[in-house]
Amino acid sequence: MIKVYVPKDSAARAVGADEVADAIVAEAAARKIDVKIIRNGSRGLLWLEPFVEVETAKGRVAFAPVEAGDVKSLFDSKFHEGGKHKLSLGLTEELPYLKNQERLTFARCGITDPLSLDDYISHGGFVGLKKALTMKGAEIVAEVTTSGLRGRGGAGFPTGIKWKTVHDAKAEQKYVCCNADEGDSGTFADRMVMEGDPFMLIEGMTIAGIAVGANKGFIYIRSEYPDAIRVMKDAIRIATTAKWLGQNIQGSAHSFSLEVRRGAGAYICGEETSMLESLEGKRGMVRAKPPIPALIGLFGKPTVINNVLSFAAVPYILAEGGKAYENYGMGRSRGTLPFQLAGNFKQGGLVEKAFGITLGQLINDFGGGTATGKPLRAVQVGGPLGAYLPASQLNLQMDYEAFAANGAMVGHGGVVVFDDSADMAAQARFAMEFCAIESCGKCTPCRIGSTRGVEVIDKIVAGIARDENLSLLDDLCQTMTDGSLCAMGGLTPMPVQSAIKYFPEDFDRPAKMQAAE
Amino acid sequence: MRGKHTLIDVRVTKPDAASVIASRYDNKPDALLEILHDLQHEVGHVPEAALPVLAKALNISRAEVHGVVSFYHEFRRKPAGRHVVKVCRAEACQSMKGNELAEAAQKSLKVKFGETTSDGAITLEAVYCLGLCATSPSLLVDERPMGRMTPQKFEALVKELAS
Ligand SMILES: Cc1cc2nc3c(=O)[nH]c(=O)nc-3n(C[C@H](O)[C@H](O)[C@H](O)COP(=O)(O)O)c2cc1C
Ligand code: SF4
Ligand code: FES
Ligand code: FES
C-alpha cells in the first residue's frame, strides 16, 4: 500500500486540496493501485499548496503545487513510486524553506494525521504531559518560567509569572482559557496548530490545568475558522475517549476537561477580558484591569488565559526542559516564534525561527520577495494594530524589545508585505475604519476618535487644510494612545502614525477626485 | 455543499426552535453565543421572535439577549440567501488586490456588503481575516474556504452557486 499525503489544512482546501485528494482516489481506483490517502496538516509552504507527498523508502517526496488536472500525469510518471514529474520537489525534509527553520512547536504539523492519537504519540506527543503528571504544580510553573516563554498573543507577558499567580491564588474552582480568536489579519499559526496538530494544544492546556490546579478549560475559537472548530471538537472527543482528558487522566489523580466555544465575528473578543465576557455569554465589553483575570477571571474565578501558541510551546518545554527552549532566541525574547508570511509574498507560509532573525531574512530568504515581483514598499508586522515599516527597516531583528524601541510590535508574528502599488494613506484610513467597526464602545477616544480619524484622513487626502488636519490627526492619535482602556484604541495610532512617518508623500499628493463610492 | 438555508420559512414558523436549542445547552446563560450560532445555522438568521424565547429559557433579560445579538457581527437579524459568501477585507488580502475583489463582488452580485441578491441566492458579507492570508485574497462560501481569488474566479463561483 502506498501512502499519499494531501493536506486538509483550510489554506490547502482553499486552493483545491479536496479536489486533488478526490482525483487521486479515483485515478488510483481506475488503475487498481492500492493508495491510502492521509489528510495531514500543512507543512506550511503555503504558496505550494496543494502540497502532495508520497512516502518512499528514502523518505517523503513532494509534488507541488498540484491541481486535480495534474493527477493523471502524476500517475503516468509513477509519482506513487517516487517517479519524477515536472512538479517533483524531491525529499520534503531537504527543502531549504523547511530545513532552515527551527521547528519546536511545528515539529509535527504536516507530518502526522492530525486526528490520529497513534501518530501523535509516536511523534513525541504526550511526553510533556506524562512528566507533568508526576510533578507538583509549582515545579511545572518553574519549568515554564525557566523557558522564558512570553505570551504569543501579542503582549509578550511572561507565561510563567501568569501561571504562578493563578497557582498561588486560593480558590475552589479555577479555569484555563485558550485564546484562539486569532483576529490579527496576516496571522494563521493558531489555525494551523488547531487543524494540523490539535492534540498538542490539548496537551499544553492540560499541563496548564495541572500546573495551576484547574480542572476545566475553554478554547475560544473565532467563527471564521469552521475547520479548526470541527477538528478541535473531534480531537477533544478522541482524547477524552482515550483518557487523555476527563476524569483521572491516564489513571492519575488529575482531571481536566475541555470545551470549544465559538466567537462571533468581533475582533475585540481577542482582548482577554472581552473574551471572558463573551465566554460568559455576554457582549464583548472590555473589563477594566485590575482585577487581573489571573485572580478574577472567568465567572469571577482565577483564570489562566493564553494564546494557542503559548500553550502549544509548553509540551516541548516540559518534555525537553525549560532550558532547552530558553537556549533559542535573543535578549528577553526566548525560544522560537512561528512567523506567518502573509499577503504579497512570493513564498508565503509558516516559518518557525528563533527570535533574532531579521525582518529582511524572513522576507527575502524565506519569503522570496513579493508575489507580484514589484518592489516592496511597506511591511506590517503584528496585525492591524502593528506599525507599517519601510524597506529601510528590514534589518530590524525580530525581538519584542527591538521592535518596541522602533515604535513597532512583533505581536502574534504576522508579516504582511505590500508592493509599490500600496497607498499608505488608504492603509492608515483603513486602520481607523477598522477601529471604528470593531471598537467595543466603552471609551470615547476609541469609539469616537476612530470615526473622527477616518474623517480627518479623508480631508488630508482631499487636500483640505492639510497641515492643520495632519496636526489634528496627531492630537487625535495622542488622545487615543493615552485615553483608551485597551490596546484596540490604544494601538490603532501605531499603523496610522507609522504610515505618516515613513510614507509622508502619500499624505501629500495632489488632491484626488472624490472616488465615486 | 453544506450550509444551505433552504428550510428558512418552515423553521421560522416553528416557535419552539429557539427553546429546543437552548435546552440542548441546559439553558445555561453562558452558552448564549453557542445557542445563537446553532439557531442561525438551522434557521438562517436570528429571528426577532426568538429573542424573548431565549430570554425566558436562559432566565436573562430581553435587553441582554438583544444586546448580544446586535454586538456580534456574525449574527444576522434578517434571513440570508441560500449561500453566504464572506469576503475578507483585511490587510493581507488588501495587499493582493482584495479591494478590487471586494468591488467586483459587489458589482457582480449587484449588492453591497451585508445585502442579499434579489433572487435570494447569495448574501454577501465582509469579514476581517479568515486565516487564509498566504493564499489571499480569500473568501468563505458557507463553510468552504477559497483562496487566490480573482474577479474571474468569483464570476465562476457565482454561476456555480446560482445553479
Ligand atoms: C484588541 C485586541 C485583540 C486581541 N486579539 C487577540 C487574539 O486574537 N488572540 C490572542 O491570543 N490574543 C489577543 N489579544 C491579546 C490578549 O488580550 C491577551 O494578551 C492574550 O490572549 C494573553 O495570552 P498570551 O499571554 O499567551 O499572549 C488581543 C488584545 C487586544 C487588545
Ligand atoms: S479602547 Fe476601544 S475596544 Fe478597548 S475598551 Fe475602549 S472602546 Fe473598547
Ligand atoms: S472615556 Fe473611557 S477611558 Fe476614556
Ligand atoms: S487577511 Fe484576508 S485571510 Fe487573513
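A short tour of the structure in this document, coming up. (Residues numbered from 1 in each chain as written. Chains lettered and ligands numbered in written order. Predicted model: local features only at pLDDT ≥ 70, side-chain atom pairs only at ≥ 80, totals over all residues. Heavy atoms only, no water.)

## Observations regarding the sheet that holds strand S2 (residues 35-38) of chain A
Residue and element names in this part refer to chain A.
Moving on, step 1. Spatially, 5 strands are ordered S2-S1-S3-S4-S5 in an open sheet, and the strand pairing comes out mixed. Because the sheet does not close on itself, it has two edges, and the strands there are S2 and strand S5 (88-91). For this sheet, the mean inter-axis angle between neighbouring strands, taken without regard to orientation, is 25°.
Moving on, step 2. One ladder, built from 5 bridges, connects strand S3 (residues 52-56) with strand S4 (residues 59-63); its direction is antiparallel. Across the sheet, the residue bridging to threonine 56 is glycine 59, located in S4.
Moving on, step 3. In the packing of helix H2 (residues 17-30) onto the sheet, contacts are made with strand S1 (2-5), S2 and S3, and the angle to S2 comes to roughly 170°. (Pairing = 2+ DSSP bridges. Helix = DSSP H or I, 4+ residues; strand = E, 2+ residues; numbered from the N terminus. Axes fitted to C-alpha atoms, helices over the stretch in contact; angles between N-to-C directions. Contact = heavy atoms within 4.5 Å.)

## Focus on the interface of chain A and chain B
Moving on, step 1. The partner chain B presents 40 residues to the 61 residues of chain A that form the contact.
Moving on, step 2. Across the chain A/chain B interface, buried area totals approximately 3800 Å², and carbon plus sulfur atoms make up 56% of it.
Moving on, step 3. Considering only the side of chain A, the residues that lose the most area to chain B are Arg262(A), Ala264(A) and Phe430(A), jointly responsible for 16% of the buried surface there.
Moving on, step 4. The interface formed by chain A and chain B holds 4 salt bridges in total. (Buried area = accessible area lost by both parts, 1.4 Å probe. Salt bridge = Lys/Arg side-chain N within 4 Å of Asp/Glu carboxyl O.)

## Quick notes on the layout of surface pockets
Residue and element names in this part refer to chain A.
Moving on, step 1. Computed from the structure, the second largest pocket encloses a volume of approximately 1200 Å³.
Moving on, step 2. Considering the residues around the second largest pocket, the lining is formed by 45 residues, among which Gly153, Ala155, Gly270, Glu271 and Glu272 are closest to the centre.
Moving on, step 3. Only helix H8 (159-168), strand S9 (303-307) and helix H20 (487-491) provide two or more residues apiece to the lining of the second largest pocket.
Moving on, step 4. Counted by class, the lining of the second largest pocket contains 19 nonpolar, 16 polar and 10 charged residues. (1 Å grid on protein atoms, 1.4 Å probe; cavity = no way out; pocket = protein on both sides within 12 Å on 5 of 7 lines; lining within 4 Å. Points joined across faces, edges and corners; volume = space filled by probe spheres on them. Nonpolar A, V, L, I, M, F, W, Y, C, P; charged D, E, K, R; others polar.)

## Some words on the packing of helix H17 (residues 424-438) of chain A against helix H18 (residues 444-462) of chain A
Residue and element names in this part refer to chain A.
Moving on, step 1. Direction vectors running N to C along H17 and H18 enclose 155°, while the axes themselves pass 7 Å from each other. One way to sum up the angle between H17 and H18 is to call them roughly antiparallel. Like other packed secondary-structure pairs, H17 and H18 cross with a definite hand, here left-handed. When H17 is examined against H18, the residues Ala425, Ala428, Arg429, Met432, Glu433, Cys435 and Ala436 are found in contact with a partner set consisting of Cys446, Gly449, Ser450, Thr451, Gly453, Val454, Ile457, Asp458 and Val461.
Moving on, step 2. For the contact of H17 with H18, the per-class residue count stands at 9 nonpolar, 4 polar and 3 charged. (Parallel < 35°, antiparallel > 145°, perpendicular 65-115°, else oblique. Left-handed = near helix turned anticlockwise from the far one by under 90°.)

## A closer look at the pairing of S1(A)
Residues and elements named next belong to chain A.
Moving on, step 1. Here S1 pairs with S2 via 4 bridges, running parallel. From the neighbouring strand, valine 4 faces S2, where its bridge partner is isoleucine 37.
Moving on, step 2. With 2 bridges joining them, S1 and S3 adopt antiparallel strand pairing. Bridge pairing in S3 links valine 4 to valine 54.

## Here we look at the site of ligand 2
Moving on, step 1. Every one of the 13 residues lining ligand 2 counts as a neighbour, but Cys440(A), Lys442(A), Cys443(A), Cys446(A) and Cys486(A) are closest to it.
Moving on, step 2. Among the residues making up the shell around ligand 2, the classes are represented as 8 nonpolar, 4 polar and 1 charged. (Near = heavy atom within 4 Å.)

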